[in-house]
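Fold and geometry: a report
Each chain, written out:
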Amino acid sequence: SFSPPGNYLIKATGAPDLPENGGKSTMFRNSTGSIFILYSKDPTTVIGISDDGGATWRESANLPKSCDFDVIDSAGAIAFNSTNSLHVVCGTNGTIDSVYSVNSGATWSTKRNVITQSGSLHALSIVVDSSDRLIGCAKYDITNGIYVFTSTDSGQSWQKYKPSGWATGNTD
(Lines give C-alpha, C1' and ligand atoms only; values in the text may rest on other atoms or scores of the structure.)
Protein backbone atom coordinates (compact mmCIF):
# COMPACT_ATOMS: atom_id res chain seq x y z
CA SER A 1 0.00 0.00 0.00
CA PHE A 2 1.23 3.50 -0.88
CA SER A 3 1.52 6.23 1.68
CA PRO A 4 2.88 9.67 0.69
CA PRO A 5 5.63 11.02 2.93
CA GLY A 6 4.70 13.74 5.40
CA ASN A 7 1.66 15.94 4.92
CA TYR A 8 1.53 16.06 1.12
CA LEU A 9 -1.63 16.20 -0.92
CA ILE A 10 -1.29 14.51 -4.28
CA LYS A 11 -3.61 15.89 -6.96
CA ALA A 12 -4.41 14.56 -10.40
CA THR A 13 -5.38 16.68 -13.40
CA GLY A 14 -8.50 18.66 -12.53
CA ALA A 15 -8.61 17.07 -9.06
CA PRO A 16 -11.33 18.41 -6.75
CA ASP A 17 -10.18 21.06 -4.31
CA LEU A 18 -11.33 19.25 -1.19
CA PRO A 19 -11.62 21.07 2.13
CA GLU A 20 -8.33 21.06 4.05
CA ASN A 21 -9.32 22.29 7.51
CA GLY A 22 -12.00 20.12 9.02
CA GLY A 23 -14.24 20.00 5.96
CA LYS A 24 -16.15 16.82 5.14
CA SER A 25 -16.46 14.82 1.98
CA THR A 26 -17.85 11.43 1.00
CA MET A 27 -16.78 9.10 -1.79
CA PHE A 28 -18.51 6.32 -3.74
CA ARG A 29 -17.73 4.14 -6.77
CA ASN A 30 -20.59 3.16 -9.10
CA SER A 31 -21.03 -0.13 -10.98
CA THR A 32 -19.14 1.15 -14.04
CA GLY A 33 -16.10 2.05 -11.91
CA SER A 34 -16.46 5.83 -11.91
CA ILE A 35 -15.52 7.56 -8.64
CA PHE A 36 -17.77 10.26 -7.18
CA ILE A 37 -16.76 12.60 -4.33
CA LEU A 38 -19.38 14.82 -2.69
CA TYR A 39 -17.88 17.96 -1.15
CA SER A 40 -18.55 21.56 -0.30
CA LYS A 41 -17.07 24.27 -2.50
CA ASP A 42 -18.35 27.43 -0.86
CA PRO A 43 -20.98 28.58 -1.43
CA THR A 44 -22.10 25.48 -3.36
CA THR A 45 -21.90 21.72 -3.12
CA VAL A 46 -20.54 19.75 -6.05
CA ILE A 47 -19.52 16.24 -6.97
CA GLY A 48 -16.08 15.50 -8.36
CA ILE A 49 -16.23 12.70 -10.94
CA SER A 50 -13.42 10.52 -12.27
CA ASP A 51 -13.98 7.90 -14.96
CA ASP A 52 -10.34 6.74 -15.04
CA GLY A 53 -9.54 5.67 -11.48
CA GLY A 54 -8.71 9.18 -10.27
CA ALA A 55 -6.21 10.22 -12.95
CA THR A 56 -8.49 13.04 -14.17
CA TRP A 57 -11.53 14.77 -12.63
CA ARG A 58 -14.47 16.91 -13.64
CA GLU A 59 -17.19 18.55 -11.56
CA SER A 60 -20.91 17.94 -11.72
CA ALA A 61 -23.40 20.73 -12.13
CA ASN A 62 -24.06 22.46 -8.79
CA LEU A 63 -26.46 20.56 -6.58
CA PRO A 64 -29.76 22.34 -5.89
CA LYS A 65 -29.16 21.59 -2.20
CA SER A 66 -26.05 22.81 -0.42
CA CYS A 67 -24.52 20.39 2.07
CA ASP A 68 -22.40 23.24 3.49
CA PHE A 69 -19.86 20.90 5.03
CA ASP A 70 -18.11 23.83 6.66
CA VAL A 71 -20.98 24.02 9.17
CA ILE A 72 -20.46 21.75 12.18
CA ASP A 73 -24.01 20.29 12.13
CA SER A 74 -23.91 19.08 8.53
CA ALA A 75 -23.47 15.80 6.69
CA GLY A 76 -23.95 14.30 3.26
CA ALA A 77 -23.96 10.91 1.57
CA ILE A 78 -24.26 9.45 -1.93
CA ALA A 79 -25.47 6.14 -3.36
CA PHE A 80 -26.36 4.61 -6.72
CA ASN A 81 -29.34 2.42 -7.55
CA SER A 82 -29.36 -0.45 -10.07
CA THR A 83 -29.81 1.92 -13.04
CA ASN A 84 -26.82 4.04 -11.88
CA SER A 85 -29.01 6.98 -10.85
CA LEU A 86 -26.97 9.05 -8.42
CA HIS A 87 -28.75 9.86 -5.15
CA VAL A 88 -27.51 12.52 -2.73
CA VAL A 89 -28.79 13.31 0.77
CA CYS A 90 -27.52 16.43 2.53
CA GLY A 91 -28.35 17.73 5.95
CA THR A 92 -27.59 21.00 7.67
CA ASN A 93 -28.86 22.06 11.10
CA GLY A 94 -31.43 19.26 11.31
CA THR A 95 -32.99 19.53 7.85
CA ILE A 96 -32.19 16.71 5.43
CA ASP A 97 -33.02 17.02 1.73
CA SER A 98 -32.38 14.75 -1.25
CA VAL A 99 -31.67 15.20 -4.95
CA TYR A 100 -30.91 12.72 -7.69
CA SER A 101 -29.41 12.66 -11.15
CA VAL A 102 -30.02 10.15 -13.93
CA ASN A 103 -27.05 11.42 -15.97
CA SER A 104 -24.05 11.33 -13.59
CA GLY A 105 -24.60 14.84 -12.24
CA ALA A 106 -25.10 16.78 -15.49
CA THR A 107 -28.58 17.78 -14.27
CA TRP A 108 -30.38 17.36 -10.95
CA SER A 109 -33.92 16.84 -9.74
CA THR A 110 -35.55 19.48 -7.58
CA LYS A 111 -34.71 19.00 -3.93
CA ARG A 112 -37.09 16.99 -1.79
CA ASN A 113 -37.34 17.25 1.98
CA VAL A 114 -36.54 13.97 3.70
CA ILE A 115 -36.81 14.96 7.34
CA THR A 116 -36.68 18.06 9.51
CA GLN A 117 -35.69 17.46 13.11
CA SER A 118 -34.43 19.76 15.82
CA GLY A 119 -31.00 19.03 17.21
CA SER A 120 -27.47 18.70 15.95
CA LEU A 121 -26.93 16.39 12.98
CA HIS A 122 -23.85 14.23 13.59
CA ALA A 123 -23.89 11.60 10.83
CA LEU A 124 -25.82 10.69 7.69
CA SER A 125 -25.70 7.66 5.41
CA ILE A 126 -27.66 6.19 2.53
CA VAL A 127 -27.67 2.74 0.90
CA VAL A 128 -29.69 0.96 -1.77
CA ASP A 129 -31.02 -2.50 -0.96
CA SER A 130 -31.49 -5.41 -3.39
CA SER A 131 -35.00 -4.22 -4.31
CA ASP A 132 -33.69 -0.70 -5.18
CA ARG A 133 -35.21 0.83 -2.05
CA LEU A 134 -33.21 3.78 -0.73
CA ILE A 135 -32.55 3.56 3.01
CA GLY A 136 -31.05 6.45 4.92
CA CYS A 137 -30.02 6.89 8.51
CA ALA A 138 -29.42 10.14 10.37
CA LYS A 139 -27.84 10.38 13.80
CA TYR A 140 -28.67 13.48 15.77
CA ASP A 141 -27.46 14.51 19.20
CA ILE A 142 -28.23 12.21 22.13
CA THR A 143 -31.55 13.95 22.86
CA ASN A 144 -32.96 13.48 19.37
CA GLY A 145 -31.66 10.00 18.53
CA ILE A 146 -31.41 8.10 15.27
CA TYR A 147 -33.86 8.33 12.39
CA VAL A 148 -34.21 5.87 9.52
CA PHE A 149 -35.97 6.95 6.33
CA THR A 150 -36.78 5.15 3.08
CA SER A 151 -37.86 5.81 -0.48
CA THR A 152 -39.40 3.18 -2.73
CA ASP A 153 -39.84 5.53 -5.71
CA SER A 154 -36.23 6.55 -6.46
CA GLY A 155 -36.22 9.55 -4.15
CA GLN A 156 -39.51 11.14 -5.27
CA SER A 157 -40.88 10.80 -1.74
CA TRP A 158 -39.53 9.72 1.65
CA GLN A 159 -41.04 8.09 4.72
CA LYS A 160 -39.77 7.61 8.24
CA TYR A 161 -39.09 3.94 8.85
CA LYS A 162 -38.96 1.98 12.07
CA PRO A 163 -37.09 -1.32 11.69
CA SER A 164 -38.83 -4.23 13.39
CA GLY A 165 -37.48 -4.90 16.84
CA TRP A 166 -36.42 -1.32 17.52
CA ALA A 167 -37.59 0.18 20.78
CA THR A 168 -40.11 2.99 20.72
CA GLY A 169 -38.87 6.53 21.14
CA ASN A 170 -37.22 8.88 18.72
CA THR A 171 -37.02 6.34 15.90
CA ASP A 172 -40.61 6.59 14.68
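The structure displayed is predicted, hence computed values, not measured ones.

Cut-offs and rules
- Residues numbered from 1 in each chain as written.
- Predicted model: local features only at pLDDT ≥ 70, side-chain atom pairs only at ≥ 80, totals over all residues.
- Heavy atoms only, no water.
- Salt bridge = Lys/Arg side-chain N within 4 Å of Asp/Glu carboxyl O.
- Buried < 20%, exposed > 50% of the residue type's maximum accessible area, 1.4 Å probe, protein only.
- Helix = DSSP H or I, 4+ residues; strand = E, 2+ residues; numbered from the N terminus.
- Polar contact = N/O pair within 3.5 Å; in protein donor to acceptor, adjacent residues only side chain to side chain.
- Contact = heavy atoms within 4.5 Å.
- Pairing = 2+ DSSP bridges.
- Axes fitted to C-alpha atoms, helices over the stretch in contact; angles between N-to-C directions.
- Phe/Tyr/Trp six-rings, centres within 6.5 Å; stacked < 30°, edge-to-face > 60°.
- Lys NZ or Arg CZ within 6 Å of the ring centre and 35° of its normal.

Counted according to the given criterion, the structure contains two salt bridges. For Asp51, the salt bridge goes to Arg58, with nearest N and O atoms at 2.6 Å. We classify Asp51 as partly exposed; its relative accessible area is 49%. Classification of Arg58 as partly exposed rests on a relative accessible area of 39%. Here Arg133 ties to Asp129 by a salt bridge, and the two come within 3.0 Å at their closest N and O atoms.

Take the side chain of Ser34 next. Secondary-structure assignment places Ser34 in the loop between strand 1 (25-29) and strand 2 (35-41). Among the polar contacts listed, one links the side chain of Ser34 to the side chain of Asp51, at a separation of 2.6 Å. Those residues within four positions of Ser34 in sequence are excluded, and the remaining contacts are Phe28, Arg29, Ser50 and Asp51.

The strands that make up a sheet are held in pairs by hydrogen bonds between backbone atoms, and each pair lies either parallel or antiparallel. Taking strand neighbours across the sheet as the criterion, the four strands line up as 9-10-11-12 in an open arrangement whose pairing is antiparallel. Strands with a single pairing partner mark the edges of an open sheet, and in this sheet they are strand 9 (121-128) and strand 12 (159-161). On average, adjacent strands in this sheet sit at an angle of 30° to one another, irrespective of strand direction.

This part takes up unusual backbone geometry. Residue Asp132 is not a glycine yet carries a positive backbone phi of 70°. You can see Asp132 is positioned in the loop between strand 9 and strand 10 (134-140). Phi is positive for Ser154, which is not a glycine, with a value near 60°. Here Ser154 lies in the loop between strand 11 (146-151) and strand 12. The class of Ser154 is partly exposed, set by a relative accessible area of 34%.

The strand order 5-6-7-8 describes an open sheet built from four strands, whose pairing is antiparallel. Two strands close off the open sheet at either side, each with one partner strand: strand 5 (74-80) and strand 8 (112-116). Each adjacent strand pair in this sheet contributes to an overall mean axis angle of 20°, direction not counted.

So, on to the pairing of strand 5. Within strand 5, seven of the seven residues are buried, which leaves it mostly tucked inside the rest of the structure. Along strand 5, one buried face is formed by Ser74, Gly76, Ile78 and Phe80 and the opposite face, lined by Ala75, Ala77 and Ala79, is buried too.

With the rule as written, the count across this model stands at four aromatic pairs. Between Phe28 and Phe80, the ring centres sit 5.4 Å apart and the planes meet at 35°, which makes this aromatic pair tilted. Placement of Phe28 in strand 1 and of Phe80 in strand 5 is noted, with a sequence separation of 52 residues between them. The exposure class of Phe80 is buried, given its relative accessible area of 8%. Relative to Trp158, the ring of Phe149 has its centre 5.6 Å away and its plane inclined at 70°; by these criteria the two rings are edge-to-face. A single burial state applies to Phe149 and to Trp158, both of which are buried. The aromatic ring of Tyr161 is capped on one face by Arg133, whose charged end is 5.5 Å from the ring centroid.

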